[in-house]
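As a plain string of letters, each chain reads:
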Amino acid sequence: MDRERKDKNPPKGVRPNYQMWIILALVAVILGVSYFSRISEVPEIQVSRFTDMVERKDIKKIVLIKNEEQIEITLKAEALQNSIYKNDLEKRPLGLTDAGPHYRMKIGSIDKFYEQYDQITKNIPREQKVDIQVDNRSDYTGLFWNVAFLFLLVFGFWILMRRMTGGGGPGGQIFNIGKSKAALFDAENKVKITFEDVAGLDEAKEEIKEIVEFLKNPGKFTKLGGKIPKGALLVGPPGTGKTLLAKAVAGEAGVPFFSLSGSDFVEMFVGVGAARVRDLFKQAKEKAPCIVFIDEIDAIGRSRGRGSMPGANDERENTLNSLLVEMDGFATDSGVIILAATNRPDVLDSALMRPGRFDRQISIDKPDIAGREHIFRVHLKPIKLAKDVDTKKLAAQTPGFAGAEIANVCNEAALIAARRDKKEVEMQDFHDAIDRVIGGLEKKTKIISPEEKRIVAYHEAGHAVAGWFLEHADPLVKVSIVPRGVAALGYAQYLPKEQFLYQTEQLMDEMSMTFGGRAAEEIVFGKISTGALSDLERITKMAYSMVTIYGMNDKIGNISFFDSKQSEYNFNKPYSEATAERIDQEVKKIVDTAYDRTKQLLILHREHLEIIAKELLEKEILFQSDLERLIGKRPFSHQTTYEKFTSANGAAAKPEEKPAEPVADSPAESKA
Ligand code: ADP
Ligand code: ZN
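Residues numbered from 1 in each chain as written. Chains lettered and ligands numbered in written order. Predicted model: local features only at pLDDT ≥ 70, side-chain atom pairs only at ≥ 80, totals over all residues. Heavy atoms only, no water.

**Student:** Summarise the overall build of the chain; cite the residues concerned and give the values.
**Tutor:** Secondary structure summary: the chain contains 23 helices and 14 strands in total. Relative to its 672 residues, the chain shows a buried fraction of 46%. For the chain, the proportion of contacts with a sequence separation of at least 24, taken over those separated by at least 6, is 78%. A total of about 35,100 Å² of accessible surface is found on the chain, and carbon and sulfur atoms cover 54% of it. (Helix = DSSP H or I, 4+ residues; strand = E, 2+ residues; numbered from the N terminus. Buried < 20%, exposed > 50% of the residue type's maximum accessible area, 1.4 Å probe, protein only. Contact = heavy atoms within 4.5 Å. Areas by Shrake-Rupley, 256 points an atom, 1.4 Å probe, with all protein chains shown as cover.)

Okay, structure coming up:
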């Protein structure tokens, strides 16, 4: 997993940020020029001083600047030595030469100044009088300051944006905000993952190999008039290897691979998402043939106008629209193939699935037992294993695990073994790693009173015994009363049957088994505890869905109130108050029946319950084989999936539909 994460970092230096440097240079120029224009400022004098200068005949040159209504005075070099000027000149900043001008003076108006000047010079002989030169100066400085101000404004704004968008990375700057954030893996930055690295998923691989063929050899398909698909949608729960598969496609085809997540399009500014989509496709077309991979496309591909207040999500819709437009816009032979992944295909806009867009849907399920074994093999390769490690057993003990979790187990096991200073990773380390992945860290310090521990032991033993003697309940994998994480004081883990359809009896057995914990507490202690919270939650959900969704109740009938198109903000119940009341009654009836059944069952098997609870208190963890040893084989002739798998060697290759969450029990303190 870690290897994957690293790959996701955008390669450095893909698109240097020229704009930033331009801005910095401009700022430097502005600062520099303003410095020099400050020092070029000449001291201003009043008419009296000017008159004085004229009378002393110190002036060499007078320039009248018409449009500024002021004059600039340059003194004779010998006059500059005079202390009345010297002081002024020394105060002036560096950089000014004796060339002048040395002083300036504001004049009211040009005509008035001429009059004034004539007045002052009336006693001076004609040939000694300094002539006034007239100049018209274009107002560069004023213009300059306007421009400078503008740039400073933009600069400040840019800094602000940079902060707001989190800074860093090519996408963080205002000028790059419309640029796609896709990470590019190309020749220098190659994807090294191949189909070898993807275990299981045979059907998906088959489909996707075709895409590799398209990219390698488009002519072969277009020659016969066929069209190359523009995109494929990988659908499946998180961690099942969708990203991995997409990368393998790129690795095998040897083409550039753009990887980004749907949420990368989403930004707080209007129009940014659409701009990013356009930029992404522009880049992709430049690099064609290539693959664009959009992870979690549901972030933008949510069906329009669903689950949203009117007008609330225009931005996302714009993004989606521009994605649709771009996908329509490129020719099928352009060599760009879009792969997208989601775990919620149900919320996707139907327009995305139209032919000519994501016309292939590849479904990727959680691996079945054979698939898990393959994945274990892939991830065990780099690990030093002891002889006792059996991948078949590992696969059997990890029902419902996705590839990511299996990778995690392998890594954890290696870490645990290292912590124990072992030379090789042993089966025990894997057991502990599995426990940790299921339940979080073992809480050695979590203090549980002996009394509480006894309750937990009987509770879990109740689940185990009830499941053992209920025909349709899933076979048990293991029970544990090692406190773990924040959520579980103990858990029982089951191996779900690989099935898609459940009959009423199966659901009833499942409910009864889930009641095992609470029933055992009541029978043994005569009191119940809060430890059954999550059990009760599951049971209640199941009972309500039996009545209102699956039409499994006589009184309510074959009616389903489930609406697959329902918006998330629908508060209307599609039934009357009277029906609502009846639903509640029927649910209660079902739940009560299940509970009574469990209680009867456990009273009947009280001695088994005691045996298992005592053993649990002693050993803390029991496996299926321990139970067989303690209370005999299950009285039903069903084969467990594991037995089936090991005898027929992979014949059971159907995906497990039901996630095998362990029936974890909440600690007493998690509820008030
Ligand atoms: P997704 O994109 O479906 O959420 P990823 O492709 O990111 O899942 O998978 C996460 C990790 O889990 C991968 O990097 C890989 O280590 C592991 N993994 C998942 N499925 C498989 C598989 N079929 N074979 C091998 N490793 C897998
Ligand atoms: Zn329980």
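**Student:** Any chance you could break down the sheet that holds strand β8 (residues 290-295) for me, citing the residues and the numbers?
**Tutor:** Taken in spatial order, the six strands of this open sheet run β5-β7-β8-β9-β6-β10, and their pairing is mixed. Here the strands that pair on one side only, and so sit at the sheet edges, are β5 (183-185) and β10 (360-363). Within this sheet the neighbouring strands show an average axis-to-axis angle of 20 degrees, counted without direction. Of the strand pairs in this sheet, β8 and strand β9 (residues 336-342) are connected by five bridges, and their pairing is parallel. Counterpart to Ile-291 in the pairing with β9 is Ile-337. Docked against the sheet, helix α9 (residues 242-253) engages β6 (231-235), β7 (257-261), β8 and β9, running at close to 170 degrees with respect to β8. (Pairing = 2+ DSSP bridges. Axes fitted to C-alpha atoms, helices over the stretch in contact; angles between N-to-C directions.)

**Student:** Can you explain the pairing of β6? Please cite residues and give values.
**Tutor:** In terms of burial, β6 is a largely internal element, five of the five residues being buried. Where burial is concerned, the two faces of β6 agree: the one with Gly-231, Leu-233 and Val-235 and the one with Ala-232 and Leu-234 are both buried. Sheet topology note: the β6/β10 ladder contains four bridges and is parallel. Each residue of the ladder has a partner; that of Leu-234, found in β10, is Ile-362.

**Student:** Help me get a handle on the environment of Asp-626, residues and values and all.
**Tutor:** For Asp-626, the position within the fold is in helix α22 (residues 624-631). Sequence separation between Asp-626 and Glu-615 is eleven residues; the distance between their C-alpha atoms is 9.4 Å.

**Student:** Could you give me a rundown of the packing of helix α19 (residues 533-548) against helix α20 (residues 577-604), with the residues and numbers involved?
**Tutor:** When two helices pack together, their arrangement is given by the angle between the helix axes and by the axis-to-axis distance. Here α19 crosses α20 at 125 degrees, and the two axes come no closer than 9 Å. Taken together, α19 and α20 sit at an angle that is classed as oblique. Crossing of α19 over α20 shows right-handed handedness. Contacts between α19 and α20 pair Ile-539, Ala-543, Tyr-544, Val-547 and Thr-548 from the former with Ile-583, Asp-584, Glu-586, Val-587, Ile-590 and Val-591 from the latter. (Parallel < 35°, antiparallel > 145°, perpendicular 65-115°, else oblique. Left-handed = near helix turned anticlockwise from the far one by under 90°.)

**Student:** Account for the environment of Asp-554, naming residues and giving values.
**Tutor:** Position of Asp-554 relative to the elements: it lies in the loop between α19 and α20. Asp-554 sits in the exposed class, given a relative accessible area of 77%. Along the sequence, Asp-554 and Glu-586 sit 32 residues apart, while their C-alpha atoms lie 9.2 Å from each other.

**Student:** If you had to explain helix α5 (residues 110-120) to someone new, which residues and values would you point to?
**Tutor:** Looking only at α5, the buried set comprises Phe-113, Tyr-117 and Ile-120. Down the axis, α5 shows its buried residues gathered within 60 degrees of arc, on one side only. Projecting away from the buried face of α5 at angles above 90 degrees are the exposed residues Asp-111, Lys-112 and Glu-115. (Arc of directions from axis to C-beta.)

**Student:** Before we move on, could you go through a negative patch on the surface and cite the residues and values that matter?
**Tutor:** On the surface, a cluster of negative charge is made up of Asp-202, Glu-203, Glu-206 and Asp-365. On the secondary structure map, Asp-365 appears in the loop between β10 and α13 (369-380). (Patch = residues over 30% accessible without salt bridge, like charges linked within 9 Å, V, L, I, M, F, W, Y side chains within 5 Å. Salt bridge = Lys/Arg side-chain N within 4 Å of Asp/Glu carboxyl O. Lys, Arg positive; Asp, Glu negative; His and termini not counted. Charge placed at Lys NZ, Arg CZ, Asp CG, Glu CD.)

**Student:** Go over the nonpolar core with me, naming the residues and quoting the values.
**Tutor:** One finds Leu-476, Val-479, Met-511, Leu-602, Leu-609, Ile-612 and Leu-627 to be the most contacted residues of the largest nonpolar core, which totals 46 residues. Among the elements that line this core, the one with the most residues is helix α18 (residues 504-525), at nine residues. If we ignore the near neighbours within four places in the chain, the residues touching Ile-612 are Ala-461, Val-465, Leu-622, Leu-627 and Ile-631. Counting 31 residues, the second-largest nonpolar core is a separate cluster that includes Val-191, Ala-232, Ile-337 and Ile-362. (Core = buried A, V, L, I, M, F, W, Y, C linked by side-chain atoms within 4.5 Å.)

**Student:** Lay out the sheet that holds strand β4 (residues 132-135) with the relevant residues and their values.
**Tutor:** In any sheet, the strands associate via hydrogen bonds between backbone groups, in a parallel or an antiparallel arrangement. In space, the four strands of this open sheet follow the order β3-β2-β1-β4, with mixed pairing throughout. Each edge of the open sheet is held by one strand with a lone partner, namely β3 (103-106) and β4. Strand-to-strand twist of the sheet, defined as the mean angle between neighbouring strand axes without regard to direction, takes the value 25 degrees. Pairing of strand β2 (residues 70-75) with β3, which is carried by four bridges, proceeds in the antiparallel orientation. The residue of β3 that forms the bridge with Ile-73 is Tyr-103. Packing of α5 onto the sheet brings it into contact with β1 (59-65), β2, β3 and β4, and relative to β4 it is tilted by some 170 degrees.

**Student:** Let's hear about the side chain of His-463: which residues, and what values?
**Tutor:** Along the chain, His-463 turns up in helix α17 (residues 450-468). The buried category is assigned to His-463, whose relative accessible area is 0%. Of note is the side chain of His-463, whose polar atom sits 3.1 Å from the side chain of His-459. In terms of polar contacts, His-463 uses its side chain to reach the backbone carbonyl oxygen of Met-513, at 3.0 Å. (Polar contact = N/O pair within 3.5 Å; in protein donor to acceptor, adjacent residues only side chain to side chain.)

**Student:** Before we move on, can you summarise the packing of aromatic side chains with the specific residues and values?
**Tutor:** Scanning the entire structure with this criterion turns up seven aromatic pairs. Where Phe-113 meets Tyr-117, the ring centres are 6.0 Å apart and the plane angle is 20 degrees; that geometry is what we call stacked. Note that Phe-113 and Tyr-117 are positioned in helix α5 at a spacing of four residues, about one turn of the helix. Per residue, the accessibility class of Phe-113 equals that of Tyr-117, and both read buried. One aromatic cluster is present, formed by Phe-50, Phe-113 and Tyr-117 through successive ring pairs. (Phe/Tyr/Trp six-rings, centres within 6.5 Å; stacked < 30°, edge-to-face > 60°.)

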